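One letter stands for each residue in the lines below.
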Amino acid sequence: MADAPEADAPEADAAEADATGADAPELVAVGGAMVDRYYTLSNLPEPDGGAFVHDSREGVGGVAANVASAAAALGREAGIVTRLGDDDRADVVERDLRERGVDTRRVRRGPEESTYSLVFRADGERMVVTGGKSCAALELRAADEPYLRDAGVVAATAYVPERAAAPLVGMRERGELTALSFDLSGPLDELEGRGTSPETIDRAVAACDLFVAGEVALAAYLDHHNADDPVAFLRERGVERAALTRGADGATLLTPHGIVEVEAVDVDVVDPTGAGDAFHAALADAWLLDGKPAREAGEFASAVAALNCTGDGARGGLPTREAAEALLD
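All values reported here derive from a predicted model rather than from experimental measurement.

1. A closer look at the environment of Asp55
Then, in step 1: Its location among the elements puts Asp55 in strand E3 (residues 53-61).
Then, in step 2: Counting along the chain gives 97 residues from Asp55 to Gly152, while the straight-line C-alpha distance between them is 41 Å.

So, in structure tokens, the structure goes:
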């Protein structure tokens, strides 16, 4: 049976307040943690169409949980600020994070259903549908602030709900965070009602120390601003470090001194789910925490993302630091 909802327990706030920022992890991810249900289909159906399920299985996912887990696999002290429901899914998610070495002191419980994703896969393509309201109910508490302030990097995404994202961005704007990495994650219309508002995204882009965006999300964001050139657009907003990712076609890194192209690492892909989150975690690890040159950091992130694709599920192939470096060698 799941624990009593933390949101309704005042003693939970007191317990969090006792955990000062002095023992904050090197990387703290803020956002979603969930159960993923994978379905391998005969085809991805068109509207009014159908498909046949060849097999199905259950795993774990969520952008923040994936990023924290990837950082922990690389040997970093990693933590997460997230919210789960009061159900069996929450027990599975929290237990998995703990087993991966992620600090779960700020995994909160509420009365709503835990967020979950349905991942449909066919012929190398996939479609993701998300339900459950626990992630959308996440908000920052005063007790979170010392924890976040003393982290080396706070990693967030546009899927973080506005009530948590706006205060987080405000902390970076006031210089209260050491570094903020921000992943655009999805198109703006997909975020409506459950993610960050366009206005807060604009603030996050201007304030963050590392901006990460995939092709689909970036194209929608540029269209929202009637912009054509992503590099010029980001430079105008003061972005010095960014990764514009293209999956198997690699990534473009914006640096304070120019642009660096990074190729994807060639591996036998089993499942690309979670590759972007692994890339984000590894890039923050190498570029922000270790201060490595952009090309070296980008190649390391590509290796970590590639190795994660060799396993099944969002965290199926998360590598150790030694494994990623060996792949590059």
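2. Considerations on unusual backbone geometry
Glycine aside, the phi torsion of most residues is negative, and most peptide linkages are trans.
Then, in step 1: Unlike most non-glycine residues, Ser185 shows phi in positive territory, near 70°.
Then, in step 2: Among the structural elements, Ser185 can be located in the loop between strand E9 (180-183) and helix H6 (188-191).
Then, in step 3: Judged by its relative accessible area of 26%, Ser185 is partly exposed.

3. Examining the pairing of strand E4 (residues 78-84)
Then, in step 1: Along E4, 7 of the 7 residues are buried, which leaves the element largely enclosed by surrounding structure.
Then, in step 2: The alternating pattern of E4 places Ala78, Ile80, Thr82 and Leu84 on one face and Gly79, Val81 and Arg83 on the opposite face, and all of these are buried.
Then, in step 3: The pairing of strand E1 (residues 27-30) with E4 spans 4 bridges and is classified as parallel. In the sheet register, Ala29 faces E4, and the bridge partner there is Ile80.

4. A closer look at the nonpolar core
Considering soluble globular proteins, one finds that nonpolar side chains tend to be buried as a cluster.
Then, in step 1: If you look at the biggest cluster of nonpolar residues, it comprises 52 residues, and the most contacted ones within it are Ile80, Leu97, Leu253 and Leu283.
Then, in step 2: Per-element tally for this core: the top contributor is helix H10 (residues 275-289), with 10 residues.
Then, in step 3: The residues contacting Leu283, other than those within four sequence positions of it, are Leu210, Ala243, Leu253, Leu288, Ala297, Gly298 and Ala301.
Then, in step 4: Counting residues in hydrophobic clusters, the runner-up holds 41 residues, among them Tyr147, Leu148, Val154 and Tyr221.

5. Focus on H10
Then, in step 1: Between its terminal C-alpha atoms H10 stretches 20 Å, which fits the 21 Å expected from 15 residues at 1.5 Å a residue.
Then, in step 2: In terms of burial, H10 is largely enclosed, as 13 of its 15 residues are buried.
Then, in step 3: Where H10 terminates, the next one or two residues include Gly291, which has phi positive at roughly 65°.

6. Remarks on the pairing of E9
Then, in step 1: Here E9 shows two buried faces, one formed by Leu180 and Phe182 and the other by Ser181 and Asp183.
Then, in step 2: Of the pairings in the sheet, the one linking strand E8 (residues 153-157) to E9 comprises 4 bridges and is parallel in character. Among the inter-strand pairings, Ala156 is bridged to a residue of E9, identified as Phe182.
Then, in step 3: With helix H5 (residues 162-173) bridging E8 and the parallel E9, this β-α-β connection has right-handed handedness.
Then, in step 4: As paired elements, E9 and strand E10 (residues 210-214) share 3 bridges and run parallel to each other. Across the sheet, the residue bridging to Ser181 is Leu210, located in E10.

7. Considerations on the side chain of Ser134
Then, in step 1: Mapped onto the elements of the fold, Ser134 is located in the loop between strand E7 (125-131) and helix H4 (144-149).
Then, in step 2: Within the structure, the side chain of Ser134 is placed 2.9 Å from the backbone nitrogen of Thr115, a separation counted as a polar contact.
Then, in step 3: With residues up to four places along the chain from it excluded, the contact list for Ser134 reads Arg83, Leu84, Gly85, Glu112, Glu113, Ser114 and Thr115.

8. Considerations on the packing of helix H2 (residues 63-73) against H10
Then, in step 1: One way to put it is that H2 packs onto H10 with a least axis distance of 8 Å and a crossing angle of 50°. Classified by the angle between their axes, H2 and H10 sit oblique to one another. Handedness of the H2/H10 crossing: right-handed. Side by side, H2 and H10 meet where Val63, Asn66, Val67, Ala70 and Ala71 of the first sit next to Asp277, Ala278, His280 and Ala281 of the second.

9. Focus on the sheet that holds E7
Then, in step 1: Spatially, the 4 strands line up as an open sheet ordered E3-E2-E6-E7, and their pairing is mixed. Two strands bound the open sheet, and with one partner strand each, they are E3 and E7. Here the average twist between neighbouring strands, direction ignored, is 20°.
Then, in step 2: Note: strand E2 (residues 34-41) against strand E6 (residues 116-122), 6 bridges, orientation parallel. What sits directly across from Tyr38, in E6, is Val119.
Then, in step 3: Helix H3 (residues 88-99) rests against E2, E3 and E6 of the sheet, and its axis sits at about 100° to E2.

Cut-offs and rules
- Residues numbered from 1 in each chain as written.
- Predicted model: local features only at pLDDT ≥ 70, side-chain atom pairs only at ≥ 80, totals over all residues.
- Heavy atoms only, no water.
- Helix = DSSP H or I, 4+ residues; strand = E, 2+ residues; numbered from the N terminus.
- Buried < 20%, exposed > 50% of the residue type's maximum accessible area, 1.4 Å probe, protein only.
- Pairing = 2+ DSSP bridges.
- Core = buried A, V, L, I, M, F, W, Y, C linked by side-chain atoms within 4.5 Å.
- Contact = heavy atoms within 4.5 Å.
- Expected span 1.5 Å × (residues − 1).
- Right-handed = clockwise from strand over helix to strand, strands pointing away.
- Polar contact = N/O pair within 3.5 Å; in protein donor to acceptor, adjacent residues only side chain to side chain.
- Axes fitted to C-alpha atoms, helices over the stretch in contact; angles between N-to-C directions.
- Parallel < 35°, antiparallel > 145°, perpendicular 65-115°, else oblique.
- Left-handed = near helix turned anticlockwise from the far one by under 90°.

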